[in-house]
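Residue-level listing of the chains:
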Amino acid sequence: MEYKKWLLLLFVAGALTYKSGAQVITDRKEVVWKGFKRVTFKLNGNEAWYTIPPAPMEDNLWVWRAYFPEWHTDMDSLLLRKGLYIAYIDASDRFGHASAMNRWDDLYVYLTTQLHFAARPALEAVSRGGLYAYGWAKRNPSKVSCIYAEAPVCDFTSWPAGKGKGKGAPAEWQKLLKVYGLTEMEALQYPDQPKDNLEALAAYKVPVVHVIGLQDQIVPAEENSLALVQNYIRHGGPATVIPMTRGKQDLEGHHFPIENVTSLADFIFENVRKQPQPLPADAYIRAYGKLDNLLFRVRHKETVTVAFLGGSITNMTGWRNKVEQYLAERYPETHFRFLNAGIPSLGSLPHAFRLQKDVLDQGRVDLLFLEAAVNDRVNGTPEIQQRRALEGIVRHALGSNPAMDIVLMGFADEFKLADFQAGKEPPEISLHEAIARHYRLPFINLAAEVNARIAHQEFTWEYDFKNLHPAPFGQELYFNAIKTLLQKQLEGAVPRAIAGREIPPAMDPLHYAGGKYAPVKDASVKTGFVLHPDWQPADGVGTRPGFVKVPVLEGATAGASTRFSFRGSSVGIAVVSGPDAGMIRYSIDGGPEQTADLYTQWSKGLHLPWYLLLRDGLKKGRHHLDITVADQQHPQSKGHAVRIVYFLVNGE
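What this report covers is the structure whose coordinates are included nearby. (Residues numbered from 1 in each chain as written. Predicted model: local features only at pLDDT ≥ 70, side-chain atom pairs only at ≥ 80, totals over all residues. Heavy atoms only, no water.)

Some words on the overall build of the chain
And step 1. In terms of regular secondary structure, the chain is built from 20 helices and 26 strands.
And step 2. For a compact globule of 652 residues, the expected C-alpha radius of gyration is about 26 Å, and the chain comes in at 28 Å, within 12% of that figure.
And step 3. Expressed along its principal axes, the backbone C-alpha trace of the chain runs to roughly 95 × 50 × 50 Å.
And step 4. When burial is assessed residue by residue, the chain has 61% of its 652 residues classed as buried. (Helix = DSSP H or I, 4+ residues; strand = E, 2+ residues; numbered from the N terminus. Rg over C-alpha atoms; globule rule 2.2 N^0.38 Å. Buried < 20%, exposed > 50% of the residue type's maximum accessible area, 1.4 Å probe, protein only.)

Following this line, the structure appears as structure tokens:
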């Protein structure tokens, strides 16, 4: 099944009901457990506890038991004596489902923010606890120091389904199907078992140890631990499997005595202790504004549209998909519609002119994520155009829907890291933050976070983050920051009603809030230009989505000319710039002629969407743009082709 179908199943499954809100602690009391003090309580109505070590270690290091917390507790006693807390929350009969992960999120936030527990607990999983431990670890790989598991379930088609070598548990299988809201056929094809999709966890090098019974007929090792560990190692994750062969093997080999308990406890202790405590993600979030309208809508179970406007870092599989999954899982009674308006290579200037068509024309947008900082630097967009474009996007969006919530984000690249290391803030980041501050919008300074974490020796750019198009490690870091923002913004008191934002005076009166596309068919004079209604390249060179099989006004020979009349203060063109891209001569209202080269450093191997603003700050009224294909061409270009996909107009 496709990813989108699995998200849809999350929306409709009745068993997913979860009432979010500010955390509520009730029934708190202290008891004694095996000579240790234990604090029990209910967290949002769910039983939870933590056991206190006699002499807690610095940073409040802890271990999280996933299931069967009273099984093989001799290890817990050892860890308590070493100074580690032990914690647990009841999510029984949830089988690692998203509704259980929401409870886990609640406990993690409570312990780490209210009680100041360490950011990276060890996870301890027994049997079906594997569904929980790996479910949460894969959603939060940066928050796990290590995983210790005893005969863990790593594929629910093995247990409780019993579709492999194991006997299965029919009653438990029916419970699981009901919780997940799946038919049996859908469940057997489920694409995210604990043994699957381990790339991010492996990228964080989370150490894993499984102890297994070789005669286990309930949770056969071949279908569970051995399958998971093989996949994990294949992705570069450190993992060990240790068979337990001494002593009586009960429950058809599923229960066995643990050998060398002390050494296994040492594995947990050493990994919890040696993992550096990461810098807090919220240190790089600037809450200049709130997401109160989004909060109102999710609490009232309305339909919510979330749009993502950006370049390749938005379009690619990664943080965006994780944000979608998180929102769908966290607020299952809200119907989310997600709009991916990411197009590779595009920055703030293109976003300002395509916002109407690619986002606003798609229906009411309630939350807009906006990124442009990387491509603005890479594409060499002048700072004044960046400012006018970003401000124009915000004003245009709020003008169309004053109740829209907007989040600005500044992603990382090598150039920004070099700026930070030279002691200066990247200008693109400063600009994004200035716009966010003026319009009272949340801003996430991801570039600063990456730089600070590298300096804190949490990871390296070369071996972990790897590229401005992040590896799974970097995608998780980006997602974690956005998740942190959403957790903080969406767990407070619910506003009484949707409120429109009051738009402040413009920072730059020449902003592009009127930015829009004008179709190429509107060109009035075409000498030597041809309108292709469904253009695609004949040379086999690659294209970008939205810039192939669309109308294109093409002039391929020097001297070809066209005229476009418009009303607005700015005008430009969006072209396809490929290996044969040429140059143009252009003038506005018969004024002096200027020249522009359409060939880019990427044109050799790609028919790239490329935007040129040809004139800014025009007086109100009607104007005309004349374009002629120039005789000159870039030294590396193979021709003179001018392929206009859209005219750009900042309308009145």
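Don't stop here, the text continues.
Details of the sheet that holds strand β14 (residues 405-409)
And step 1. Sheet architecture is open: six strands sit in the order β10-β15-β14-β13-β11-β12, paired in mixed fashion. The open sheet is flanked by β10 (285-287) and β12 (335-342), the only strands paired with a single partner. Adjacent strand axes in the sheet meet at a mean angle of 15°, parallel and antiparallel pairs treated alike.
And step 2. With two bridges connecting them, β14 and strand β15 (residues 442-444) associate as parallel partners. Of the residues in β15, the one forming a bridge with L408 is F443.
And step 3. Helix α17 (residues 427-438) contacts β10, β14 and β15 of the sheet and is inclined by roughly 160° relative to β15. (Pairing = 2+ DSSP bridges. Axes fitted to C-alpha atoms, helices over the stretch in contact; angles between N-to-C directions. Contact = heavy atoms within 4.5 Å.)

Here we look at the packing of helix α15 (residues 383-400) against α17
And step 1. Between α15 and α17, whose axes approach to 10 Å, the crossing angle comes to 30°. Taken together, the axis directions place α15 and α17 in an arrangement best described as roughly parallel. In terms of crossing hand, the pair formed by α15 and α17 is right-handed. Between α15 and α17, the residues in contact are E383, Q386, R387, L390, E391 and V394 and P427, E428, L431, H432 and I435, respectively.
And step 2. Each residue belonging to the contact of α15 with α17 can be placed in one class, and the counts come to five nonpolar, two polar and four charged. (Parallel < 35°, antiparallel > 145°, perpendicular 65-115°, else oblique. Left-handed = near helix turned anticlockwise from the far one by under 90°. Nonpolar A, V, L, I, M, F, W, Y, C, P; charged D, E, K, R; others polar.)

Re empty space enclosed by the protein
And step 1. Evaluated as defined, the whole model comprises four cavities of 30 Å³ or more.
And step 2. If you add up the space inside the largest cavity, you get close to 150 Å³.
And step 3. Among the elements that make up the lining of the largest cavity, the one with the highest residue count is helix α4 (residues 129-139) (five residues).
And step 4. Split into classes, the residues belonging to the lining of the largest cavity amount to nine nonpolar, four polar and four charged.
And step 5. Considering only enclosed or pocket space, the second largest cavity measures out at about 60 Å³ in volume.
And step 6. Along its surface, the second largest cavity is lined by W71, H72, V126, S127, E150, A151, H254, H255 and F256.
And step 7. When its residues are assigned to classes, the lining of the second largest cavity shows four nonpolar, four polar and one charged. (1 Å grid on protein atoms, 1.4 Å probe; cavity = no way out; pocket = protein on both sides within 12 Å on 5 of 7 lines; lining within 4 Å. Points joined across faces, edges and corners; volume = space filled by probe spheres on them.)

As for the sheet that holds strand β7 (residues 146-150)
And step 1. The strand order across the open sheet formed by nine strands is β1-β2-β3-β5-β4-β6-β7-β8-β9, and the pairing between neighbours is mixed. The open sheet has two free edges, formed respectively by β1 (25-33) and β9 (239-243), since each of these has just one partner strand. Adjacent strand axes in the sheet meet at a mean angle of 20° when their direction is disregarded.
And step 2. Note that strand β4 (residues 62-65) and strand β5 (residues 85-89) share three bridges and pair parallel. Paired with V63 across the strands is I86, a residue of β5.
And step 3. Taken strand by strand, helix α2 (residues 74-81) contacts β1, β2 (36-43), β3 (46-52), β4, β5, β6 (122-126) and β7, and its axis lies near 130° from that of β5.
And step 4. Docked against the sheet, helix α9 (residues 261-274) engages β4, β6, β7, β8 (208-212) and β9, running at close to 160° with respect to β7.

Observations concerning the packing of helix α18 (residues 446-455) against helix α20 (residues 472-489)
And step 1. With their axes 11 Å apart at the nearest point, α18 and α20 run at an angle of 120° to one another. Looking at the two axes, α18 sits oblique to α20. The interaxial crossing formed by α18 with α20 has right-handed handedness. Residues L446, E449, V450 and R453 of α18 lie in contact with α20, whose contacting residues are L477, Y478 and A481.
And step 2. Residues belonging to the contact of α18 with α20 are distributed by class as follows: five nonpolar, no polar and two charged.

Brief notes about the packing of aromatic side chains
And step 1. For the structure on display, the rule yields 39 aromatic pairs.
And step 2. Both rings, one in F547 and one in Y646, keep their centres 6.5 Å apart while their planes meet at 90°; by these two values the pair is edge-to-face. Highlighted residues: F547 in the loop between β18 (529-535) and β19 (550-555) and Y646 in strand β26 (residues 642-650), separated in sequence by 99 residues. Just as F547 is buried, Y646 falls in that class too.
And step 3. An aromatic cluster is built from F41, Y50, W62, W64, Y85, W104, Y108, Y110, F117 and W136, whose rings are joined through pairwise contacts. (Phe/Tyr/Trp six-rings, centres within 6.5 Å; stacked < 30°, edge-to-face > 60°.)

Considering unusual backbone geometry
The bulk of non-glycine residues show a negative phi, and the bulk of peptide bonds are trans.
And step 1. At the junction of W159 and P160, the peptide bond is cis and its omega measures out at 10° in the coordinates.
And step 2. Tracing the sequence through the fold places P160 in the loop between β7 and α5 (170-180).
And step 3. Of note, the phi angle at E252 is positive, near 55°, even though the residue is not glycine.
And step 4. Structurally, E252 can be placed in the loop between β9 and α9.
And step 5. Taking relative accessible area as the criterion, E252 reaches 33% and is therefore assigned partly exposed.

Things to note about the pattern of salt bridges
When their charged atoms lie close together, side chains carrying opposite charge are able to pair.
And step 1. In the structure shown here, the tally under the stated rule is 46 salt bridges.
And step 2. Residues D155 and K195 are paired through a salt bridge, measuring 3.7 Å at the closest nitrogen-oxygen approach. One end of the pair, D155, is in the loop between β7 and α5; the other, K195, is in the loop between α6 (184-188) and α7 (199-203), with 40 residues separating them in the sequence. No difference in accessibility class separates D155 from K195, as the two residues are buried.
And step 3. Between D580 and R643 there is a salt bridge, and its shortest N-O distance comes to 2.8 Å. Of this pair, D580 sits in the loop between β21 (570-577) and β22 (583-588) while R643 is found in strand β26, placing the two residues 63 residues apart along the sequence. The pair D580 / R643 is uniform in exposure class, with both members buried.
And step 4. The structure contains a network of salt bridges with shared partners spanning R297, E302, R364 and D366. (Salt bridge = Lys/Arg side-chain N within 4 Å of Asp/Glu carboxyl O.)

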